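# Reading the structure
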Amino acid sequence: MIDLALLKLHLRVDGGEEDDLISGYLEAAKAHIEQHCDRRLVDGEPVDPAEMALTRDVEQALLLLVGHWYSTRRSPAGSADLQSDPRAHRGHSSVSI
């Protein structure tokens, strides 16, 4: 699966302060893709029809989902000033795979 170092490179994040947050986004992105595709993600070749390989396009989808969620998150208190923090709200956008 995608490792934390690759995710942090994709997000341009240094340091470890947000490792737990980023890891949580990765788990949520995997669950989202598995639910959307009605298959479990697996490393290597699938051996069951209910499995799906982590191909390059699926890996890119995971990176994009995590990147979207990371860049559009609100402040920890949920009280970001929408005018001073453009990341806090960008309308009612959604990401589809």
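Summarised in this report is the structure supplied together with it.

### Remarks on the overall build of the protein chain
When helices and strands are counted, the protein chain shows three helices and two strands. The N-to-C order of helical and strand elements in the protein chain reads α-α-β-β-α. Among the 97 residues that make up the protein chain, the fraction classed as buried is 30%. When the accessible surface of the protein chain is summed, it comes to about 6600 Å², and 50% of that surface belongs to carbon and sulfur atoms.

### Considerations on the packing of aromatic side chains
Applying the stated criterion to the full structure yields one aromatic pair. Judged by centre distance (6.4 Å) and plane angle (55 degrees), the rings of Tyr 25 and Trp 69 are tilted. Remark: Trp 69 occurs in helix H3 (residues 56-71) and Tyr 25 occurs in helix H2 (residues 19-37); sequence separation between them is 44 residues.

### Quick notes on the side chain of Lys 30
Assignment of secondary structure puts Lys 30 in helix H2. A polar contact of 2.9 Å, which involves the side chain of Lys 30, links it to the side chain of Glu 27. Each residue touching Lys 30, except ones within four places of it in the same chain, is listed here: Met 1, Leu 41 and Leu 62.

### Quick notes on unusual backbone geometry
The backbone phi angle of Arg 12 is positive, close to 60 degrees, even though this residue is not glycine. Topologically, Arg 12 is positioned in the loop between helix H1 (4-11) and H2. Taking relative accessible area as the criterion, Arg 12 reaches 77% and is therefore assigned exposed.

### Things to note about the nonpolar core
The nonpolar side chains of soluble globular proteins are, as a tendency, buried together. In this structure, Leu 7, Ile 33, Leu 62 and Val 66 are the most contacted members of the largest nonpolar core, which totals 19 residues. Sorting the residues of this core by element identifies H1, H2 and H3 as the ones contributing at least two each. Top element by residues in this core is H3. It accounts for seven residues.

### Considerations on H2
Compared with the 27 Å implied by 1.5 Å per residue over 19 residues, the 27 Å span of H2 between its first and last C-alpha is a close match. Of the positions making up H2, those classed as buried are Ile 22, Tyr 25, Leu 26, Ala 29, Lys 30 and Ile 33. Buried residues along H2 cover an arc of 135 degrees about the axis, so they all sit on one side. Seen from the buried face of H2, the exposed residues on the opposite side, beyond 90 degrees, are Asp 20 and Gln 35. Each element contacted by the buried residues of H2 is listed here: H1, strand E1 (40-42), strand E2 (51-53) and H3.

About the thresholds
- Residues numbered from 1 in each chain as written.
- Predicted model: local features only at pLDDT ≥ 70, side-chain atom pairs only at ≥ 80, totals over all residues.
- Heavy atoms only, no water.
- Helix = DSSP H or I, 4+ residues; strand = E, 2+ residues; numbered from the N terminus.
- Buried < 20%, exposed > 50% of the residue type's maximum accessible area, 1.4 Å probe, protein only.
- Areas by Shrake-Rupley, 256 points an atom, 1.4 Å probe, with all protein chains shown as cover.
- Phe/Tyr/Trp six-rings, centres within 6.5 Å; stacked < 30°, edge-to-face > 60°.
- Polar contact = N/O pair within 3.5 Å; in protein donor to acceptor, adjacent residues only side chain to side chain.
- Contact = heavy atoms within 4.5 Å.
- Core = buried A, V, L, I, M, F, W, Y, C linked by side-chain atoms within 4.5 Å.
- Expected span 1.5 Å × (residues − 1).
- Arc of directions from axis to C-beta.

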